[in-house]
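# Coordinate inspection notes
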Amino acid sequence: MYSVGVPIPGAVERLAEDLRPLLLDFDSIRDRHTLVCKRLGEAPPGGVARLREQVRTALVGAPAFEARISGIDYFEYPTRGEGPVVYLDVESPGLLGVHDRLIRAFSVVDELEGDDYTPHVTLARGGSVEAAERLADREIAPVTWTVSQLLLWDATYEEAVTRFSLPA
C-alpha cells in the first residue's frame, strides 16, 4: 500500500514525546508519527515507477505551504480500528489544497478522504473516551512549519520511496 505523506519535523516529534506520559491510559501509543496527505492503494500496472510519475504529474505547480499543529483532539469512533483515536490536529489550507489535487488524480477513499479528510498526527488509540476528552482539553504550544516536500510512502517496507519537492 502506498500513500503521499508530509514529513514530520523534529518539533512535532518532540511534542508527541512530551505528551507520551499522558497517553498511558490508552491501549496503544504511536512510536512513528505520520501525516497522511492521500492514500493511494496498490501500485498500478507499471509498478512504483508509474505511480511515482502519476503523483509527480498531479503535484505539478503545487507550492510549498505552511502547516500548524493547533491542539489535541480525538475521533471517538474512527472509521477503521479501535477508538478513541487521540491526535494532534493539523491546520493547513495548503495541505487541503494538495489533498484536493491528489483526489482529482486518484480515487477517494470513502469516509477518510475528500470532505471527510481530517489532517492529523495520531498519538494513541483505544482506552476510554474520558481519557481522550481530558487530553483534548489540554492546551499545547502550537507548532508551525513549512512543508517543502512530500513523500511517496511504501507501507509494506515502512519507508519513503520518493520525495517530491514543492517550490517556495
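Each chain carries its own residue numbering, running from 1 in the direction its sequence is written. Local features in this predicted model are restricted to residues whose pLDDT is 70 or higher, and side-chain atom pairs enter the listing and the counts only when it is 80 or higher, whereas totals over whole chains, interfaces and linings include all residues. Processing note: side-chain calculations cover all non-hydrogen atoms of the structure and skip hydrogens and water entirely.

## Description of the nonpolar core
In this description, a nonpolar core means a group of buried Ala, Val, Leu, Ile, Met, Phe, Trp, Tyr and Cys residues linked to one another through side-chain atoms lying within 4.5 Å. For the exposure calls, accessible area comes from a 1.4 Å probe over protein chains only, and a residue counts as buried if that area is under 20% of its type's maximum, exposed if over 50%, partly exposed in between. Counting 45 residues, the largest nonpolar core has V55, I69, L88, L102, W145 and L150 as the members making the most contacts within it. Under the DSSP-based scheme used, a helix requires at least four consecutive residues in state H or I and a strand at least two consecutive residues in state E, with every element numbered from the N terminus. Considering each element in turn, this core owes the most residues, 5 residues, to strand β4 (residues 65-75).

## What about the packing of helix α2 (residues 47-59) against helix α3 (residues 93-105)?
Any two packed helices are characterised by the angle at which their axes cross and by the distance between the axes. Look at α2 against α3: their axes get within 9 Å of each other, and the N-to-C directions meet at 130 degrees. When the interaxial angle is binned, α2 and α3 end up oblique. Between α2 and α3 lies a crossing of right-handed hand. Listed contacts from α3 to V55, A58 and L59 of α2 are V98, R101, L102 and A105. Residues are grouped as follows: nonpolar covers Ala, Val, Leu, Ile, Met, Phe, Trp, Tyr, Cys and Pro; charged covers Asp, Glu, Lys and Arg; every other residue, Gly included, is treated as polar. Residue composition of the contact of α2 with α3, by class: 6 nonpolar, no polar and 1 charged. Fitted lines through C-alpha atoms serve as axes, helices being fitted only where they are in contact, and the angles separating the N-to-C directions of these axes extend from 0 to 180 degrees. To sort the angles, those under 35 degrees are grouped as roughly parallel, those over 145 as roughly antiparallel, those from 65 to 115 as roughly perpendicular, and the leftovers as oblique. When the near helix sits turned anticlockwise from the far one by under a right angle, the crossing is termed left-handed; a clockwise turn instead gives a right-handed crossing. Residues count as neighbours in contact if any of their non-hydrogen atoms are within 4.5 Å of one another.

## A few points about the side chain of K38
Looking at the secondary structure, you find K38 in strand β3 (residues 35-41). Any N or O atom pair separated by 3.5 Å or less is treated as a polar contact, with the protein-specific requirement of one donor-capable and one acceptor-capable atom, and with residues adjacent in sequence counted only for side-chain atom pairs. A polar side-chain atom of K38 sits 2.7 Å from the main-chain carbonyl oxygen of S107. Every residue in contact with K38, bar those within four places of it in the chain, is listed here: S3, V4, H99, L102, I103, F106, S107, V108, V109 and E113.

## What to know about the sheet that holds strand β1 (residues 2-6)
Sheet strands associate in pairs through backbone hydrogen bonding, adopting either a parallel or an antiparallel arrangement. Pairs of strands are assigned from DSSP output, requiring at least two bridges between the strands. Across the sheet, 4 strands lie side by side as β3-β1-β8-β9; this open sheet has antiparallel pairing. The strands lining the two open edges of the sheet, one partner per strand, are β3 and β9 (159-165). Put simply, the sheet's adjacent strands are angled 25 degrees from each other on average, direction ignored. Here β1 runs beside β3; their pairing, made up of 5 bridges, is antiparallel.

## What to know about α2
With 13 residues, α2 should reach 18 Å at 1.5 Å per residue; the first-to-last C-alpha distance of 19 Å fits that figure. Among the residues of α2, those classed as buried are L51, V55, A58 and L59. The arc enclosing the buried residues of α2, seen along the axis, measures out at 95 degrees, which places them on a common side. Looking at the buried side of α2, the elements it contacts are β1, β3, α3, β8 (149-154) and β9. G61 occupies a position one or two residues after α2 and carries a positive phi of about 85 degrees. The length a helix should cover is 1.5 Å for every residue beyond the first. Note that the arc is defined by the directions from the helix axis to the C-beta atoms.

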